[in-house]
Amino acid sequence: MSTQSELQQTIEDMVDDHRGILAADESHPTIAKRFKAINVESTEENRRVWRSLLLTTPGLGDYISGTILFEETLGQKGEEGTLLPQVAWKQKIVPGIKVDKDTAPLSGAPGDLITRGLDGLGEQLQGYKTQGARFAKWREVYPIARHNPTPLGRQANAEMLARYAAICQELGVVPIVEPEVLMECEHDIGRCAEVTEQVLHAVFHALHQHHVSLEHMILKPNMVLPGKACRRAEPDEVAAATLRVLRRTVPAAVPSINFLSGGQDDEEATANLNSINQLGGNAPWQLSISYGRALQQPALRTWIGKTENSAAAQQALLKRARLNSLARTGEYDPSME
Ligand code: 13P
């Protein structure tokens, strides 16, 4: 298959009008933090058990079309001895891989960050592909402060995302491009809108310069939200602000926009997605999810590391996946919780 047909097939397998992406790609320090909250030690075996529980959830493929995995998971097996990427694909969930490494301060732009991991990416991707990964994810993070992100920060981060996306497409791997404007700050929703618009503008400019095929990528942005220290915004306010920014910056050629949850609680993330789809029904792109915490948290709290809770934890995951699927068509209501 040519790389072009591989990219096209992966987009077709991942993008539809009712399913979303499950992010299960926490790095070792992040999964350790999530496990610590439920008193589970982050051992390789516990991570395998947890991720195998997620991917073997009966019926998950009805609502989830792709899953982002961490490197270690590609080589791990479920209880029946099947490799986890194959376990996912049995349910028509396309396996993908997080390829960005850690973030570091961006020299010359105090307060801005830059993500590492571009060196040797091509060779690594070829290996991941043989393990079943058909798409990849790279995240750049943008903390908001009075003078951040700086113009240099926006440009450097956009350049990284575009270089990564171009490498992926050259190898027939669909890139998820994730510029995340953080909500862990004190800004109001207007400031988040201003920064997100500038960030996305820079990202699409860089993608264009690097000849990235917009038809064969997925955008994973933040919703436009007030910082955590501010009052929560109502879903219709979030939806209006988010759609205004996306319409100004994201070309119609992009097939799907899959939001990250970014620290919103699970019900809030579903309600916001629902409003976005109610208001954005005529938008040129699919408006979907690529949630990590907002899909996994209720299941994790149910599981707490105990085998006897596995089925209940899977039901908790399935419930969030189903409600978010309803939110894709604006048919979710909080009374369904
Ligand atoms: P959250 O939905 O928990 O923000 O995670 C999504 C993700 O993949 C962050 O890179």
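Anyway, here's the lowdown on the structure attached to this text. These figures come from a predicted structure and were not determined experimentally.

Reading the values: rules and limits
- Residues numbered from 1 in each chain as written.
- Predicted model: local features only at pLDDT ≥ 70, side-chain atom pairs only at ≥ 80, totals over all residues.
- Heavy atoms only, no water.
- Helix = DSSP H or I, 4+ residues; strand = E, 2+ residues; numbered from the N terminus.
- Expected span 1.5 Å × (residues − 1).
- Buried < 20%, exposed > 50% of the residue type's maximum accessible area, 1.4 Å probe, protein only.
- Polar contact = N/O pair within 3.5 Å; in protein donor to acceptor, adjacent residues only side chain to side chain.
- Salt bridge = Lys/Arg side-chain N within 4 Å of Asp/Glu carboxyl O.
- Contact = heavy atoms within 4.5 Å.
- Phe/Tyr/Trp six-rings, centres within 6.5 Å; stacked < 30°, edge-to-face > 60°.
- Lys NZ or Arg CZ within 6 Å of the ring centre and 35° of its normal.
- Near = heavy atom within 4 Å.
- Areas by Shrake-Rupley, 256 points an atom, 1.4 Å probe, with all protein chains shown as cover.
- Nonpolar A, V, L, I, M, F, W, Y, C, P; charged D, E, K, R; others polar.
- Right-handed = clockwise from strand over helix to strand, strands pointing away.
- Pairing = 2+ DSSP bridges.
- Axes fitted to C-alpha atoms, helices over the stretch in contact; angles between N-to-C directions.
- Arc of directions from axis to C-beta.

Observations concerning helix H10 (residues 266–279)
Here comes step 1: Given a rise of 1.5 Å per residue, 14 residues ought to cover 20 Å, and the 20 Å separating the end C-alpha atoms of H10 matches this to within 8%.
Here comes step 2: Most of H10 is tucked away, with 11 of its 14 residues classed as buried.
Here comes step 3: Regarding H10, the residues found buried are Asp266, Glu268, Ala269, Thr270, Ala271, Asn272, Leu273, Asn274, Ser275, Ile276 and Asn277.
Here comes step 4: Looking at where H10 begins, the residue whose side-chain oxygen comes 3.1 Å from the main-chain nitrogen of glutamate 267 is aspartate 265.

Observations regarding the pattern of salt bridges
Side chains bearing opposite charge may pair, as long as their charged atoms lie close to each other.
Here comes step 1: As enumerated under the stated definition, the model contains 22 salt bridges in all.
Here comes step 2: Between aspartate 16 and arginine 19 there is a salt bridge, with its nearest N and O atoms 2.7 Å apart. Each member of the pair aspartate 16 and arginine 19 is classed as buried.
Here comes step 3: Taken together, the shared-partner salt bridges connect Asp25, Lys137, Arg139, Glu178 and Glu180 into one network.

Here's the deal with the environment of lysine 101
Here comes step 1: One can find lysine 101 in the loop between strand S3 (94–98) and strand S4 (103–105).
Here comes step 2: For the pair lysine 101 and glutamate 80, spaced 21 residues apart in the sequence, the C-alpha separation amounts to 31 Å.
Here comes step 3: Apart from the residues within four sequence positions on either side, lysine 101 is in contact with Thr115, Arg116, Gly117, Gln124 and Tyr128.

Side note on unusual backbone geometry
Here comes step 1: Between asparagine 148 and proline 149 the backbone carries a cis peptide bond, its omega angle lying at -5°.
Here comes step 2: Along the chain, the position of proline 149 falls in the loop between strand S6 (135–142) and helix H7 (151–170).
Here comes step 3: Backbone geometry at histidine 211 places phi at a positive 60°, although glycine is not the residue there.
Here comes step 4: Tracing the backbone shows histidine 211 in the loop between helix H8 (189–209) and strand S8 (218–219).
Here comes step 5: Given the relative accessible area of 72%, histidine 211 is considered exposed.
Here comes step 6: In the Ramachandran plot, isoleucine 304 falls in the positive-phi region, its phi being about 35° despite a non-glycine side chain.
Here comes step 7: The topology assignment puts isoleucine 304 in the loop between helix H11 (293–303) and helix H12 (310–328).

Describing the packing of aromatic side chains
By convention here, two paired aromatic rings are described through the distance between centres and the angle between planes.
Here comes step 1: Applying the stated rule across the entire model yields 3 aromatic pairs.
Here comes step 2: Between tryptophan 138 and tyrosine 164, the ring centres sit 5.5 Å apart and the planes meet at 35°, which makes this aromatic pair tilted. One end of the pair, tryptophan 138, is in strand S6; the other, tyrosine 164, is in helix H7, with 26 residues separating them in the sequence. An identical accessibility class is assigned to tryptophan 138 and tyrosine 164; each is buried.
Here comes step 3: These aromatic residues form a ring-pair network of at least three members: Phe35, Trp50 and Trp303.
Here comes step 4: Lying over the aromatic face of tryptophan 89, lysine 92 brings its terminal NZ or CZ to 4.7 Å of the ring centre.

Regarding the site of the ligand
Here comes step 1: Close to the ligand lie 13 residues, the nearest being Lys137, Lys220, Ser261, Gly262 and Arg293.
Here comes step 2: In this structure, an oxygen atom belonging to the ligand sits 2.5 Å away from a side-chain N or O atom of lysine 137.
Here comes step 3: Between the ligand and the protein, one listed contact pairs an oxygen atom with a backbone N or O atom of glycine 292 at 2.8 Å.
Here comes step 4: Relative to its unbound accessible surface of 300 Å², the ligand loses 90% to contact with the protein.
Here comes step 5: Of the residues that constitute the shell around the ligand, the class distribution is 3 nonpolar, 4 polar and 6 charged.

Describing the pairing of strand S9 (residues 256–259)
Here comes step 1: Here S9 shows two buried faces, one formed by Ser256 and Asn258 and the other by Ile257 and Phe259.
Here comes step 2: Read as a crossover between parallel neighbours, the route from S8 over helix H9 (residues 235–249) to S9 is right-handed.
Here comes step 3: For the crossover from S9 across H10 to strand S10 (residues 286–291), the handedness is right-handed.

Considerations on the sheet that holds strand S1 (residues 20–24)
Here comes step 1: Here we have 8 strands rolled up into a closed barrel, ordered S1-S2-S3-S6-S7-S8-S9-S10, and parallel in their pairing.
Here comes step 2: Set on the sheet, H11 makes contact with S1, strand S2 (64–69) and S10; between it and S1 the angle comes to about 60°.

A short note on helix H1 (residues 3–14)
Here comes step 1: Compared with the 16 Å implied by 1.5 Å per residue over 12 residues, the 16 Å span of H1 between its first and last C-alpha is a close match.
Here comes step 2: Those residues of H1 not exposed but buried are Leu7, Thr10, Ile11, Asp13 and Met14. One side of H1 holds all its buried residues, which, seen down the axis, span an arc of 165°.

Focus on the pairing of S1
Here comes step 1: Extensive coverage of S1 is indicated by the burial of 5 of its 5 residues.
Here comes step 2: Taken together, the 5 bridges between S1 and S2 define a ladder with parallel strand orientation. Within S2, the residue paired with glycine 20 across the bridge is isoleucine 64.

Some words on the side chain of glutamate 178
Here comes step 1: Relative to the helices and strands, glutamate 178 resides in strand S7 (residues 174–181).
Here comes step 2: By relative accessible area, which is 2% here, glutamate 178 ends up buried.
Here comes step 3: Non-local contacts of glutamate 178, meaning those with residues more than four positions away in its chain, are made with Lys137, Trp138, Arg139, Glu140, Leu161, Lys220 and Leu260.

Read these as layout, nothing more, since geometry by itself doesn't imply function.
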